[in-house]
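Each chain, written out:
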Amino acid sequence: AQKVTQAQTEISVVEKEDVTLDCVYETRDTTYYLFWYKQPPSGELVFLIRRNSFDEQNEISGRYSWNFQKSTSSFNFTITASQVVDSAVYFCALSDPTTSGTYKYIFGTGTRLKVLA
Amino acid sequence: DVKVTQSSRYLVKRTGEKVFLECVQDMDHENMFWYRQDPGLGLRLIYFSYDVKMKEKGDIPEGYSVSREKKERFSLILESASTNQTSMYLCASSLPRSGGGLKTYNEQFFGPGTRLTVL
């Protein structure tokens, strides 16, 4: 069955610390996509990254980096030198094809990150 | 910019009322989704639509129905609201999966959410 696990419910760090948010997934598909979204206190989810299963290269975008490892079915997200504005709930998601040929997404339960000044 | 709007940020209804939540997107996306978000449970898919008048049940469709008469608008309907439907409701849209040798799953764009309270 398709499943996304974000075992860390809440993490608190002090500003400028590095922090890694874990995402472990289960899928029956050989081709799949993984996503990360950020939900700030305002409530609107913001797309951060998409990664397909054929591309295991790690990606860096400013202070954000993502480590995709098929061998461990993980897609972890690291924020370097965290800032108060990084405080949010972060969701990991997995593509899930449907029997009708369309697709949907499976979301993890989210990790709440609190960055303290 | 992709824009997904929802008709209300906050809504308070009584048990047994029929409730309509509206979602509109302005980027001509084929796919639209309705989720509910509850503490500790993440986002759970209620229904989604991959074309006008086409819909498919998500993981928790009971007590809900949807309507998509126009491509840009996707409505979630609570036929008879109950207190256990008190939640945050999120609408999203996306382009369809791209075809070819490697199908591309596109990211979703979310609206600001509607916090519904059923008394």
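Each remark here, short or long, concerns the structure printed above.
So, here's what we can say about the structure.

Conventions used here
- Residues numbered from 1 in each chain as written.
- Chains lettered and ligands numbered in written order.
- Predicted model: local features only at pLDDT ≥ 70, side-chain atom pairs only at ≥ 80, totals over all residues.
- Heavy atoms only, no water.
- Helix = DSSP H or I, 4+ residues; strand = E, 2+ residues; numbered from the N terminus.
- Rg over C-alpha atoms; globule rule 2.2 N^0.38 Å.
- Pairing = 2+ DSSP bridges.
- Axes fitted to C-alpha atoms, helices over the stretch in contact; angles between N-to-C directions.
- Disulfide = S-S within 2.5 Å.

## Structural notes on the overall build of chain A
A tally of regular secondary structure across chain A gives 0 helices and 12 strands. Its helices and strands in sequence order give chain A the pattern β-β-β-β-β-β-β-β-β-β-β-β, from N to C terminus. For chain A, the C-alpha radius of gyration of 14 Å lies close to 13 Å, the compact-globule estimate for 117 residues. Taking the principal axes of its C-alpha atoms as reference, chain A extends roughly 50 × 30 × 20 Å.

## Here's the deal with the sheet that holds strand β1 (residues 4–6) of chain B
All names here are of chain B. The 4 strands are arranged β1-β3-β8-β7 in an open sheet whose pairing can be described as antiparallel. Strands with a single pairing partner mark the edges of an open sheet, and in this sheet they are β1 and β7 (64–70). When strand polarity is set aside, the average angle formed by the axes of neighbouring strands in this sheet is 20°. Judged from the 5 bridges that link them, β7 and strand β8 (residues 73–78) form a sheet pairing that is antiparallel.

## Some details on the state of the cysteines
Residue and element names in this part refer to chain A. In the structure shown here, the tally under the stated rule is 2 disulfides over all chains. Between Cys23 and Cys92 runs a disulfide, and the two sulfur atoms are separated by 2.0 Å. In this structure the cystine formed by Cys23 and Cys92 twists about its S-S bond by roughly -65°; its chirality is therefore left-handed. Of the two residues, Cys23 is situated in the loop between β3 (19–21) and β4 (24–26) and Cys92 in strand β10 (residues 88–97); the sequence distance between them amounts to 69 residues.

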